[in-house]
Amino acid sequence: MDKYTHLCDELKITFKTIIVMQNHQIKLIDSTYDVQQAKEMLLALINSKLSFIDHQIFACGDCYGADTTHMKVRKKALVEEKARLVQVLKAYQNGNNEVELDCTISLNIRALSPA
């Protein structure tokens, strides 16, 4: 046993190996809209995500007692982003403006080895 293995055993350090299996991208939005259409689309996406988080908080936390702290923090951040988005788009609502939306979702699919 070398000195590093011994040190890890003493400190009870556990390493997980992450193997990236595949990277994939989905082009969700790639178009130009008037301000109202852009607002409707973006708010629909954010509201859908907020509903999903609410469901997860209920299903995981309320029903099974799991820690939902991360989900609640994420929900709060999305609510704040939603409010900022509404304010930004409101400033351009009455003019002759358009919004170019470019939204790509990146997936990094990986397998975790057991610790």
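Parameters and conventions
- Residues numbered from 1 in each chain as written.
- Predicted model: local features only at pLDDT ≥ 70, side-chain atom pairs only at ≥ 80, totals over all residues.
- Heavy atoms only, no water.
- Helix = DSSP H or I, 4+ residues; strand = E, 2+ residues; numbered from the N terminus.
- Buried < 20%, exposed > 50% of the residue type's maximum accessible area, 1.4 Å probe, protein only.
- Areas by Shrake-Rupley, 256 points an atom, 1.4 Å probe, with all protein chains shown as cover.
- Expected span 1.5 Å × (residues − 1).
- Core = buried A, V, L, I, M, F, W, Y, C linked by side-chain atoms within 4.5 Å.
- Contact = heavy atoms within 4.5 Å.
- Salt bridge = Lys/Arg side-chain N within 4 Å of Asp/Glu carboxyl O.

Draft legend 1. Geometry of the overall build of the protein. Within the protein, the regular secondary structure consists of three helices and two strands. Mapped in sequence order, the helices and strands of the protein form the string α-β-α-α-β. Of all 115 residues assigned to the protein, the portion counted as buried reaches 16%. For the protein, the accessible surface area stands at approximately 9,200 Å², while carbon and sulfur atoms represent 55% of it.

Draft legend 2. Summary view of helix H2 (residues 35–64). The end-to-end C-alpha distance of H2, which contains 30 residues, comes to 42 Å, matching closely the 44 Å that a straight helix rising 1.5 Å per residue would cover. The complete set of buried residues in H2 reads Val35, Ala38, Leu42, Leu43, Ile46, Leu50, Ile53, Ile57 and Gly61. Count one or two residues on from H2 and you reach Gly65, which has phi positive near 75°.

Draft legend 3. Geometry of the nonpolar core. Counting 16 residues, the largest nonpolar core has Tyr33, Ala38, Ile53, Leu85, Leu89, Val99 and Leu101 as the members making the most contacts within it. Residue contacts for Leu89: discarding those within four places in its chain leaves Val35, Lys39 and Val99.

Draft legend 4. Up close: the pattern of salt bridges. The tally for this structure, following the rule as stated, stands at four salt bridges. Among the ionic pairs, Asp102 bridges to Lys27, the shortest N-O distance being 2.3 Å. Residue Asp102 is found in strand S2 (residues 98–112), and its partner Lys27 is found in strand S1 (residues 18–34); the two are separated by 75 residues along the sequence. Asp102 sits in the exposed class, given a relative accessible area of 54%. The exposure class of Lys27 is partly exposed, given its relative accessible area of 45%. Between Arg84 and Glu81 there is a salt bridge whose closest N-O contact spans 2.6 Å. Placement of both Arg84 and Glu81 in helix H3 (residues 69–90) is noted, with a separation of three residues, approximately one turn of the helix. The class of Arg84 is partly exposed, set by a relative accessible area of 44%.

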